[in-house]
Amino acid sequence: MNRLDHLFANKQADVLNVYFTAGYPELNDTVTIIRELADAGADLIEIGMPFSDPMADGETIQQSSMKALENGMTLDLLFEQIREARKHTQVPLVLMGYLNQLIQYGEQRFLDACAETGVDGLILPDLPVYEFEQHYKSMIEAAGLRTTFLITPNTSETRIRQIADLSDGFIYVVSSSSITGKSGKITPEQIAYFERINTLGLSNPRLIGFGISDSESFNTACQYANGAIIGSAFIRALGGGGEVGEICRTFVDKIKA
Amino acid sequence: MTKNIESEIAVDERGYYGKFGGAFIPEMLEGNIRELRESYLEISASPEFKKEFDALLKDYVGRPSPLYFAKRLSAHFGTNIYLKREDLNHTGAHKINNTIGQILVAQKLGKQRIIAETGAGQHGVATATVCALMGLKCIVYMGEVDIARQAPNVARMKMLGAEVRPATSGSKTLKDATNEAIRDWINNPDDTHYIIGSVVGPHPYPDMVARFQSVISEETKWQLQEQVGRDYPDAVIACVGGGSNAAGAYYHYLNDERVRLIAVEAAGLGVDSGESAATSVLGTEGIIHGSRTLLMQTEDGQIVEPYSISAGLDYPGIGPLHAHLIDSGRAEAISVTDEEALNAALFLSRTEGIIPALETAHAFAALNTMKYDKDDVLVVCLSGRGDKDLAAFTKYLNDLVTE
């Protein structure tokens, strides 16, 4: 069974998804970070495939991507790291990246590597719904992977339903009209938006992301969805220096406190 | 005979030219892109828009730009060379044709704030100019490296009231300025219009920009009719970075097979030197800035930083229209090195008394390698003037003296 399906079948609330960039802060920290996050209680781990031109990401994640690329990160190495991590944990793993990376690596080759090493889902922010339906849906599903689409406060109900119909993956509810890395309190407008999504009766699990940075914002988000995604705040913690395992444990403990 | 443009080389409703184009954008941009896609054709076809656009092109930009028979240049090359003088436009390049069109679209959409990216600074200046003209707030993203090497244009933008924001990420050049502008748009989806300066980016930008630039070939047709008695040349020659002046110079000839389309790319220090921007040779299929096209990238899909002495051609991709034209064999690509471009700029200056932009100089250098007959009529798109490049020209002249 796909590990994402298994997770959401057994846990419908307070799902913690932590994002980090593969190859950051050091090239071979990936396996340690996956293990430590999973052991500390992260329910789901989103691994960023560093890209030179990450259009949908904020400055923090872009900087970590640049560093990871300077460190020598490649997709081949990432798949090796995931294979290694899979010896230690069955935590669901989702890869986040840009479509160009798949095209250049070879879409089928990429999906085969995902299936073989134990990846459970994909988030490709620049993959249009239409292209997914026409060219990618069947091959991604054949590889046993779930595809996650993003929705924003500006996404129409028709479009949300179209996305929900097309994909069995969890829906990434972008909390505001902005890029990742901003933090602050969740506003009444955002809560109204989350509540609107909840009235649609979608069967897909939903995780709120963008601007979730601490236990307060995590807990608030969890009241309106199955869980939430933390990215930039964790990257900043990793960038602060120190022992990577310790940073992972402390970070997850604080969020869950 | 001229065939129907709509049925031949033209964009489809999803923004594709053959297999190139589309709109590969994150959901955060979907609303803005949809608004533009659903309105750009209707707005630009309205009588009110056409009237304003035509009036501004005529009285503010100074169109029609002359089509000039370059007698001494023609004698030297032994053929008939006509120069489409976009360098004589207000602000000194073709870029203003597009910014006039887009600022009018932005106004119709009720936008109050304009953002743009710029490489050499010509598009930034053209955007700052139309924002001043319309009284709209203007923010131009420019790579830190380009800010240093294009100081006169930075000063012009500031003089015009624009804020120039340095792009400090990545390689700190045009592609990074574009990333920063896209981010700004994601963060300001309601009041902001993003004026892209070339035929790149997600649909509908490549088509919209090509349409606004198509005035170049529209004028060329009647000017040739007047001057040579037929409305088409044997070849149109234009430099291509993203490809906006080329798109405009080709536009009304795209489906006229009698006209050869010559796309001149920047080879930098040489196509195989590792310091080049010759995308049609070095590029492979992929996605850059929301468009499926040819781009320079590593085996792992990381976008490579190109190199050219010309900041306007220093872009790792190429507009999807041009990718399609080159891939299908409709256009011929020629690569020109820094050295060849500098030499061509000097030659044009001293043969015709016209100092071209470094970008434009690449198009002239192609005359040395391309094939033509003595009776041919060749149109070179003289896309911009060279004032901004005087530092590079001065250095070149000094080096010549030293040698």
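Engineer: Run through the packing of helix H1 (residues 27–45) of chain B against helix H8 (residues 174–187) of chain B, naming residues and quoting values.
Structural biologist: Residues and elements named next belong to chain B. Relative to each other, H1 and H8 sit at 85 degrees, their axes nearing to 9 Å. Between H1 and H8, the angle falls in the class roughly perpendicular. Residues Met28, Leu29, Asn32 and Ile33 of H1 touch H8, and the partners they reach there are Ile182, Trp185 and Ile186.

Engineer: A description of the domain arrangement of chain B should follow, citing residues and the corresponding values.
Structural biologist: Residues and elements named next belong to chain B. Entries for chain B in the domain assignment read domain 1 (16–58 + 95–208) and domain 2 (62–92 + 214–402). Inter-centroid distance (C-alpha atoms) of domain 1 to domain 2 is 22 Å. Each side of the interface is counted separately: domain 1 has 39 residues, and domain 2 has 44 residues. Counting across the interface, domain 1 meets domain 2 through three salt bridges. Asp314 is paired through a salt bridge with Arg149; the nearest N and O atoms lie 2.8 Å apart. Remark: the boundary between domain 1 and domain 2 carries 17 residue pairs in polar contact (both at pLDDT 80 or more). Elements supplying a minimum of two residues to the side of domain 1 that touches domain 2: strand S2 (20–21), helix H2 (47–61), helix H4 (95–108), helix H5 (122–134), helix H6 (144–149), helix H7 (151–159), H8 and helix H9 (205–213). For the side of domain 1 that touches domain 2, the element with the highest residue contribution is H8, accounting for five residues.

Engineer: Let's hear about the pattern of salt bridges: which residues, and what values?
Structural biologist: Counting across every chain of the model gives 42 salt bridges over all chains. For Glu243(A), the salt bridge identified is with Arg249(A), shortest N-O distance 3.7 Å. Residue class for Arg249(A) comes out partly exposed when judged on its relative accessible area of 32%. With a closest N to O distance of 3.0 Å, Glu285(B) and Lys19(B) form a salt bridge. Taken together, the positions of Glu285(B) in strand S11 (residues 284–288) and Lys19(B) in the loop between strand S1 (16–17) and S2 put the pair 266 residues apart, joining distant regions of the chain. Judged by its relative accessible area of 26%, Glu285(B) falls in the partly exposed class.

Engineer: Can you lay out the sheet that holds strand S3 (residues 67–69) of chain B for me, pointing to particular residues and giving the numbers?
Structural biologist: All names here are of chain B. Across the sheet, which stays open at both edges, the six strands sit in the order S3-S4-S14-S9-S10-S13 with mixed pairing between neighbours. Among the strands making up the open sheet, the edge pair consists of S3 and strand S13 (331–337). Pairwise comparison of adjacent strand axes, ignoring direction, gives a mean angle of 25 degrees for this sheet. Pairing geometry for strand S4 (residues 80–85) and strand S14 (residues 377–382), over six bridges, is parallel. Among the inter-strand pairings, Leu83 is bridged to a residue of S14, identified as Val380.

Engineer: Could you give an account of the packing of H5(B) against H7(B), naming the residues involved and the relevant values?
Structural biologist: Residue and element names in this part refer to chain B. Where H5 contacts H7, the two axes come as close as 9 Å, and the packing angle between them is 10 degrees. The angle between H5 and H7 places the two elements in the roughly parallel class. Contacts between H5 and H7 involve Gln122, Gly124, Val125 and Ala128 from the first element and Asn153, Arg156 and Met157 from the second. For the contact of H5 with H7, the per-class residue count stands at three nonpolar, three polar and one charged.

Calculation rules
- Residues numbered from 1 in each chain as written.
- Chains lettered and ligands numbered in written order.
- Predicted model: local features only at pLDDT ≥ 70, side-chain atom pairs only at ≥ 80, totals over all residues.
- Heavy atoms only, no water.
- Axes fitted to C-alpha atoms, helices over the stretch in contact; angles between N-to-C directions.
- Helix = DSSP H or I, 4+ residues; strand = E, 2+ residues; numbered from the N terminus.
- Parallel < 35°, antiparallel > 145°, perpendicular 65-115°, else oblique.
- Contact = heavy atoms within 4.5 Å.
- Domains from an automatic or database assignment.
- Salt bridge = Lys/Arg side-chain N within 4 Å of Asp/Glu carboxyl O.
- Polar contact = N/O pair within 3.5 Å; in protein donor to acceptor, adjacent residues only side chain to side chain.
- Buried < 20%, exposed > 50% of the residue type's maximum accessible area, 1.4 Å probe, protein only.
- Pairing = 2+ DSSP bridges.
- Nonpolar A, V, L, I, M, F, W, Y, C, P; charged D, E, K, R; others polar.

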